Each structure stands twice: as C-alpha cells, then as structure tokens.
Amino acid sequence: MRAAEDRVAPRPERLLESTSVIGSMTLLSRVFGLVRDKVFSYAFGASPVMDAFIVAFKIPNLLRRFFAEGAFSAAFVPMLAEYRSERTPEEMRQLVDRIAGTLTVFLFAITAVGVIAAPALIAVFAPGFLDEADGRFELATAMLRLTFPYLFFISLTALAGGILNTFRRFAVPAFTPLLLNLVLILFALAVAPALAQPGLALALGVLVAGCVQLAFQLPFLARLGLLPRPRWGLGHPGVRRILALMTPVLFGSSVAQVNILFDTLIASFLAAGSISWLYYSDRLLEFPVGVFGIALATAILPSLSEQHARRSGDSFAATLDWALRLVLVIALPAAVGLAVLAEPLLATIFLGGEFGPIDVAMSAASLRAYAPGLLGFIAVKVLSPGYFARHDTRTPVRVGVQSLLVSFGLNVVFVLALVATGWAPAHAGLAAATSCAGLYNAALLLRGLAAARVLRPAPGWRRLAAQVIGACAAMIVFLLWGLDRAGDWAAMSGWQRAGMLALLVVGGAAVYAGAAYALGLRPRELRGARGG
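Our subject in this report is the structure included herewith.

Reading the values: the criteria
Residues numbered from 1 in each chain as written. Predicted model: local features only at pLDDT ≥ 70, side-chain atom pairs only at ≥ 80, totals over all residues. Heavy atoms only, no water. Salt bridge = Lys/Arg side-chain N within 4 Å of Asp/Glu carboxyl O. Helix = DSSP H or I, 4+ residues; strand = E, 2+ residues; numbered from the N terminus. Buried < 20%, exposed > 50% of the residue type's maximum accessible area, 1.4 Å probe, protein only. 1 Å grid on protein atoms, 1.4 Å probe; cavity = no way out; pocket = protein on both sides within 12 Å on 5 of 7 lines; lining within 4 Å. Points joined across faces, edges and corners; volume = space filled by probe spheres on them. Nonpolar A, V, L, I, M, F, W, Y, C, P; charged D, E, K, R; others polar. Disulfide = S-S within 2.5 Å. Contact = heavy atoms within 4.5 Å. Axes fitted to C-alpha atoms, helices over the stretch in contact; angles between N-to-C directions. Parallel < 35°, antiparallel > 145°, perpendicular 65-115°, else oblique. Left-handed = near helix turned anticlockwise from the far one by under 90°. Core = buried A, V, L, I, M, F, W, Y, C linked by side-chain atoms within 4.5 Å.

**Points about the pattern of salt bridges**
At step 1: By the definition in use, this model includes ten salt bridges.
At step 2: For R241, the salt bridge is made with E82, and the minimal N-O distance between the two is 3.1 Å. Taken together, the positions of R241 in helix 11 (residues 237-267) and E82 in helix 3 (residues 48-86) put the pair 159 residues apart, joining distant regions of the chain.
At step 3: Here E82 falls in the buried class, since its relative accessible area comes to 16%.
At step 4: If you follow the salt bridges from partner to partner, you end up with R36, D37 and R283 in one network.

Put into structure tokens, the structure is as follows:
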C-alpha cells in the first residue's frame, strides 16, 4: 500500500510538506555551517591560511556541485523515476548497480588526476598566489591533495541521496551535510592546534567528512533493498541514457562553477583577504538558497519527472507555478533582509578573534552586492527541474553560456570601475556581477518554459507581486528604524549583538507577515495550488 502511494505524484500540499522536511534538515545543517564558519573566522580570520583553504576546498566542492548535485542528479533522478514507474523492481536494481559501478570507476580516475595535478590546478584557479611570499601557493597545494578525494566520496553520497529522494525519503539526504560541518568543527578545534600547520587540519577534516557522509546513508539504502552492488555498466541502456543526458548538463552546470572560479582568480589579484571576504558573505547568501531553494527544487524534481512520465501537462504546469509563487513570497524578503542587515549579520556571527571590524565592513560590501541576485539564484534552482524532468538538458546549457558571458564581462567592468572610483571595495564588483548573471539566467529559463507552454501562470500573479513588494517595503521601514536605534554593533558584546539581531529578524519577519496579511495574502493561497 505504501509503495502504491509513493508512486503517485503528490499534490502541492504534500510537496509543501516535503519541502518543509528538507528545509528543516537543511536549516539545521546551515546553522551548524554558520557555527563552523564562526570557528574558522575566530581561529583564522581573513588570513592567507584561510584564503588557501577556501581555494583548496572550493575546487573539489565546485566539481561536486556541478557533477554530483548538478549534472548527475538532473539526469539520474528522472531516469530512476521512469524505471520505477515503468520497469520491474529487478530492472531498477540493475540500473542502480550499473550506474554505481560506472560512476565509481570514473570518480576514481578523476580523483587520481586531481591529486597529481594539484599544483597546476592551484596555479590555474588562483594564479595570484604564485607572486606572493606568504606561502599561500604551497599551502593550498598541500591542502588540495587532501581535499580533492572528497569529490569521490561526496559524489557517491549524491548517488545514494538521489535514490532516497526518488523514493521521497528526503530527510536523510537533507540531514547528511550536517555531518560535514560537525567533522570540520571537530578538526578545527581539536586537531588544528596540534599540528605545525593548523590549516592542514581543515583539509584533512574535509576528507574524513566525505567518508562519514557516505557511510551514513548506506544503511538507509539497505532498508529499501537498493544498496548498490557496483557493476561496470557502460553498455547498459539506462546508464548510457543517463550519461547522454549528463553531458550537456555537465557543461551547463560547469558554466556557473567556472564563473565562481573566475571570481576567485580575479580576487586572488586583489587585496589579501578578498577571497575570504567573498567566502563569508557567500556563506550567508547560501543560507536561504540551501534552506529554501535547494529544498524546494529537491522536492519537486521527482514529482515533475513522474508527471512528465504520465503526460500530465496540467499538473506539471501547476507544480511549477506553485513553486515560483513560493519563491517570490520567501526569496524577495530574504534578499531585502540580507541587504539591510548585512553588517549586523556578519558582526553577530563572525566578529571576534582574527575577524575584526574591517573584515565585517568588507564582507558586508560583497553581501549587499550578492543580495539582489538571491531571487535569481533560487528561481534557477526551481526552474531548472522544469527542463530536467522533461529530459531537456540542452536549453539550460545555452542559457548558462549566455549568463557566463554576461558575468565575465560585468566582472571586468565592475571591478575596474570600483578600482578607479573607490566607490566600494573592488571585490564587491565580483559579487554584483554574479547577481546580475543569476537574474539574467533565471529570466531566460522562465521565458523558455513560458514560450513552450510548459509553464502556464495561473491568475493572480500581479496581485501577489504587489502584496509581496508592499510587505517588503513595510519591513524595510521597520529594519531601518531598528538599526537607527541599535547603535554601534562593533561596540556591543556578543550577547548584545545576538539579542538585538534576533529582535530585528523576528520583528522584521512579523512586520512582513502582518503587512502581507493586511494586503490580502492568505497562507491557504500558497497551499492550495491547483493540479496534483
């Protein structure tokens, strides 16, 4: 009976429940992620050691994002959902075994190349390190040799998570990233002080965390009877289809990651600490993206895949429309809050130890530049499954390439303009270019789905937009009023900052919700989308 229920694509009410489950687990992970970053900032600040670690972790982590969570999940989850709906359980298990074996071989080869070529990778992605006498190049190279194998373990973890998500066991994959944060906190506090080069402890922690995350998910796969028995399967038709679907997504996903690495490349030539300032501000930006954007995208992809397999176009369109309404209602006020509360957020979370008031100001500059792009970043997460579920992996590639070119051009223009005028720190130009590219990417994806009539907006969008914008305006007034009375955040104690920030965040959320309600927005309108 349960299996039969799981085969039916849920209505928006159940999708909202799934999103809440994923979001809750992701929220827990992100909270510990902020604790991890607080430990990092206190121990290492915006130092050459931290710059080196960020680059060494970013390379395998970005490969993980576009390979494991991007291209592979986009191709594997729809294919597994199709096998689950239309094939026998034995055929589905064979697909899991064959893709696991094939993926393992490819990942081992890539990892070996990455470890051997570590010096060349650092020279390519952070060439500014080569001209410095602070040892960042040598340290980053040593760190990368420890962090690169993380790609192997976390990609297999993504395979396990894709299987669990297809069966709507969302909580375990959403909880798994918490383990990375716990391991890194442990290594930063307990292992780093015992090493002659404390930064190497962070890199070693990344490697250990990858092993722990994979091991955590295996028992849950065993309960489903889908613990992979890896077999080489390049000739298996399902594996070949997954690889064919992955190829354009690999390229398209790599576009965004190349953009991020290009930011790092430019930042390596800017003032020491620029990479770290971008990192700390990006971590706050990633909080709503992970808690809401990735959670919502993860919840709707299996449903969209099943709706497409059943040729239920109305349900498919309704699911996308419902998800985009949630994006507007949640992402826009989150972006406003990040921009207005940039300094208080960074001061409350990171100020102390090696992370001083100058670091707060510099990180706040890039956070304010990142904030306008939040709506685009989250919308891309939700719009992309609208293509992937229909096995259209080429359109996002074309859109991604165009966005990459826009970002490249704006990176150069914004950074040079800020260097010449001094209007803001130069690294903020990189964040601003990323925001513009994210919004441009989302706009093109939205236009494509609407032109193909895959997305058919239901009535009420103009009224909803007016309600959300009006509520955001009321929230801005409240936050500015509160900031005016708060005083100097750097002069407060840690508990005072935390208490004042909590009042502003909770008060701002209450004002937003109250204003939206007064303007006529009701929660049932977001739970009761049409379709199923």
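Having seen it, we continue.
**What to know about the layout of surface pockets**
At step 1: Approximately 1,100 Å³ is the volume found for the largest pocket.
At step 2: Along its surface, the largest pocket is lined by 32 residues, and F287, A334, L345, V505 and A509 are the ones closest to its centre.
At step 3: Residue assignment for the lining of the largest pocket shows that the elements contributing at least two residues are helix 2 (12-44), helix 12 (274-309), helix 13 (313-340), helix 14 (342-350), helix 19 (461-486) and helix 20 (494-518).
At step 4: No other element matches helix 20, which puts ten residues into the lining of the largest pocket.
At step 5: When its residues are assigned to classes, the lining of the largest pocket shows 26 nonpolar, four polar and two charged.
At step 6: Roughly 320 Å³ of internal volume is contained in the second largest pocket.
At step 7: Taken together, 15 residues make up the lining of the second largest pocket; nearest its centre are L324, A379, L383, L446 and W461.
At step 8: When contributions to the lining of the second largest pocket are tallied by element, the ones reaching two or more residues are helix 13, helix 16 (374-388) and helix 18 (426-451).
At step 9: Classifying every residue of the lining of the second largest pocket gives 13 nonpolar, one polar and one charged.

**Structural notes on the state of the cysteines**
At step 1: Per the counting criterion, the structure on display carries zero disulfides.
At step 2: The closest cysteine sulfur to the non-disulfide-bonded C436 is located on C472, 19 Å from its own sulfur.

**Some remarks on the environment of M500**
At step 1: Position of M500 among the secondary structure elements: in helix 20.
At step 2: Measuring from C-alpha to C-alpha, the distance between M500 and A486 comes to 7.3 Å, with 14 residues separating the pair along the chain.
At step 3: Apart from the residues within four sequence positions on either side, M500 is in contact with A486 and W489.

**Some thoughts on the packing of helix 16 against helix 18**
At step 1: Put simply, helix 16 and helix 18 touch, their axes get as near as 9 Å, and they point 30° apart. Classified by the interaxial angle, the pair formed by helix 16 and helix 18 is roughly parallel. Read as a crossing pair, helix 16 and helix 18 show a hand that is left-handed. On the side of helix 16, the interface is formed by G376, F377, A379, V380, L383, S384, G386 and Y387, while helix 18 contributes T434, S435, G438, L439, N441, A442, L444, L445, L446, G448 and L449.
At step 2: Looking at the contact of helix 16 with helix 18 residue by residue, the classes come out as eleven nonpolar, eight polar and no charged.

**Quick look at the environment of V96**
At step 1: Note that V96 resides in helix 4 (residues 89-116).
At step 2: Counting along the chain gives 133 residues from V96 to R229, while the straight-line C-alpha distance between them is 8.1 Å.
At step 3: Apart from the residues lying within four places of it in its own chain, the contact partners of V96 are L80, I163, L226 and P228.

**Describing the nonpolar core**
At step 1: One finds F40 and L296 to be the most contacted residues of the largest nonpolar core, which totals 117 residues.
At step 2: Considering each element in turn, this core owes the most residues, 14 residues, to helix 13.
At step 3: Counting 28 residues, the second-largest nonpolar core is a separate cluster that includes Y83, F152, L214 and L221.

Purely geometric numbers; function is a separate question.
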